[in-house]
Amino acid sequence: MVNSLHIGLIMDGNGRWATARHLPRTAGHLAGLKALKRVALGAIRNNVGYLTLYCFSTENWKRPKEEVDYLMGLFSEKVTGELPFFNDNGIRLLFLGDMFPLPSEAQEALHFVIEKTAANDRLIVQLAINYGGQDEICRAVNRALEKGISRITPDVIRSNFDNPEVPPVDIIARSAGEMRLSNFLIWDAAYAEFVSYEKLWPDWDEYDIVNIIKAFGQRNRKFGGLGK
Ligand code: FPP
């Protein structure tokens, strides 16, 4: 059974982590993937229901080709390579974003793992790849128009998202001390909580997930009302 807490993660600082060690930026992304596995296990142990991971934004194509190619390689090889990890731990993967511009190997790998993990229900992980919040809203509006809906409301937009069954994010956490949303989950962020920690993403583990959960527990969510 899936629990309900939904955490969004902006995994920042891979490049800085690598540069501090005189390593290429790509080494930071590989270390970031290892951190991701520690964090996912921590999320499961602490009853988190959903993780949405900002892996590659609609703006990240501007990075050097070598780095983009490396990340696309991670999305195809590592995602399929980690299938036993996902299945052993009950992790179901979903894709969030516009998949069509991705290399065909990455698209095939992602479809494959999404299908092979579809029966898992301990933790739902949305991989946001070629994802942008503004793009997500535009795609939802276009989907609605294609269905012949002529009046756009917040419910129409939300129900035409890529994975409308996933509940809105409860808290967004960003590593490496940055304080921006950077086009991540901007629609559902309307009432989400936000935390930012100095630690660079490749150093994250279960401790950080516990901190996020604690921070969330201390917030008084008012949703525009008067709260508790
Ligand atoms: C931001 O750090 C991080 C990214 C753009 C990539 C995040 C991707 C991963 C952690 C790997 C995920 C892999 C799979 C298979 C799901 P940055 O490069 O902007 O760091 P900087 O700000 O220090 O330069």
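Residues numbered from 1 in each chain as written. Predicted model: local features only at pLDDT ≥ 70, side-chain atom pairs only at ≥ 80, totals over all residues. Heavy atoms only, no water.

(A) Structural view of helix 3 (residues 65-81). Taking 1.5 Å of rise per residue, 17 residues should cover 24 Å, and helix 3 covers 23 Å from first to last C-alpha, within 8% of that figure. Bending of helix 3 peaks at approximately 25° at the position of L74. Residues of helix 3 that are buried include every one of E67, V68, L71, M72, G73, L74, F75, S76 and V79, and no others. The elements touched by buried residues of helix 3 are helix 2 (25-45), strand 2 (50-57), helix 4 (83-88), strand 3 (91-96), helix 5 (104-116) and strand 4 (123-131). (Helix = DSSP H or I, 4+ residues; strand = E, 2+ residues; numbered from the N terminus. Expected span 1.5 Å × (residues − 1). Bend = angle between axes of the 7 residues up to and from the residue. Buried < 20%, exposed > 50% of the residue type's maximum accessible area, 1.4 Å probe, protein only. Contact = heavy atoms within 4.5 Å.)

(B) Region of interest: the sheet that holds strand 3. The strand order 3-4-2-1-5-6 describes an open sheet built from six strands, whose pairing is parallel. Of all the strands in the sheet, the pair left with one neighbour each is strand 3 and strand 6 (193-196). The sheet shows a mean angle of 20° between the axes of neighbouring strands, taken without regard to direction. In the sheet, strand 3 pairs with strand 4 via six bridges, with the strands oriented parallel. The residue of strand 4 that forms the bridge with R92 is I124. Its contacts with the sheet put helix 2 on strand 1 (6-10), strand 2, strand 3 and strand 4, and the angle it makes with strand 2 is roughly 160°. (Pairing = 2+ DSSP bridges. Axes fitted to C-alpha atoms, helices over the stretch in contact; angles between N-to-C directions.)

(C) Representation of the site of the ligand in the model. With respect to spatial proximity, 19 residues lie near the ligand, and among them M11, G15, R16, R25 and R63 are the closest. Between the ligand and G13 there is a distance of 3.3 Å, counted from an oxygen atom to a backbone nitrogen or oxygen. At 3.0 Å, a backbone N or O of G15 approaches an oxygen atom of the ligand. Protein coverage of the free-state accessible area of the ligand, which is 640 Å², stands at 91%. Only helix 1 (14-20), helix 2 and helix 3 provide two or more residues apiece to the shell around the ligand. When residues in the shell around the ligand are grouped by element, the largest group, five residues, is from helix 2. (Near = heavy atom within 4 Å. Polar contact = N/O pair within 3.5 Å; in protein donor to acceptor, adjacent residues only side chain to side chain. Areas by Shrake-Rupley, 256 points an atom, 1.4 Å probe, with all protein chains shown as cover.)

(D) Quick look at the environment of R63. With respect to the element layout, R63 can be found in the loop between strand 2 and helix 3. Take R63: its relative accessible area is 32%, and that puts it in the partly exposed class. Contact partners of R63, with chain neighbours within four places excluded, come to R25, H29 and V68.

(E) Seen up close, the packing of aromatic side chains. In total, this model carries nine aromatic pairs according to the counting rule given. Seen in terms of ring centroids, F56 and W61 are 4.9 Å apart; in terms of plane orientation they differ by 75°. Their pairing is edge-to-face. According to the relative accessible area criterion, F56 is buried, its value standing at 0%. Judged by its relative accessible area of 33%, W61 is partly exposed. (Phe/Tyr/Trp six-rings, centres within 6.5 Å; stacked < 30°, edge-to-face > 60°.)

(F) Up close: the packing of helix 2 against helix 3. Two numbers describe how helix 2 lies on helix 3: the axes approach to 10 Å, and their chain directions differ by 25°. Between helix 2 and helix 3, the crossing angle belongs to the class labelled roughly parallel. Crossing handedness for the pair helix 2 and helix 3: right-handed. Along its contact with helix 2, which presents R25, T26, H29, L30 and L33, the element helix 3 presents E67, Y70, L71, L74 and K78. In terms of residue class, the contact of helix 2 with helix 3 is built from five nonpolar, two polar and three charged. (Parallel < 35°, antiparallel > 145°, perpendicular 65-115°, else oblique. Left-handed = near helix turned anticlockwise from the far one by under 90°. Nonpolar A, V, L, I, M, F, W, Y, C, P; charged D, E, K, R; others polar.)

(G) Geometry of the packing of helix 3 against helix 5. Their axes nearest at 8 Å, the elements helix 3 and helix 5 cross at an angle of 30°. Crossing handedness for the pair helix 3 and helix 5: left-handed. Contacts between helix 3 and helix 5 pair M72, F75, S76, V79 and T80 from the former with E105, A106, A109, L110, F112 and V113 from the latter. Among the residues forming the contact of helix 3 with helix 5, the class breakdown is eight nonpolar, two polar and one charged.

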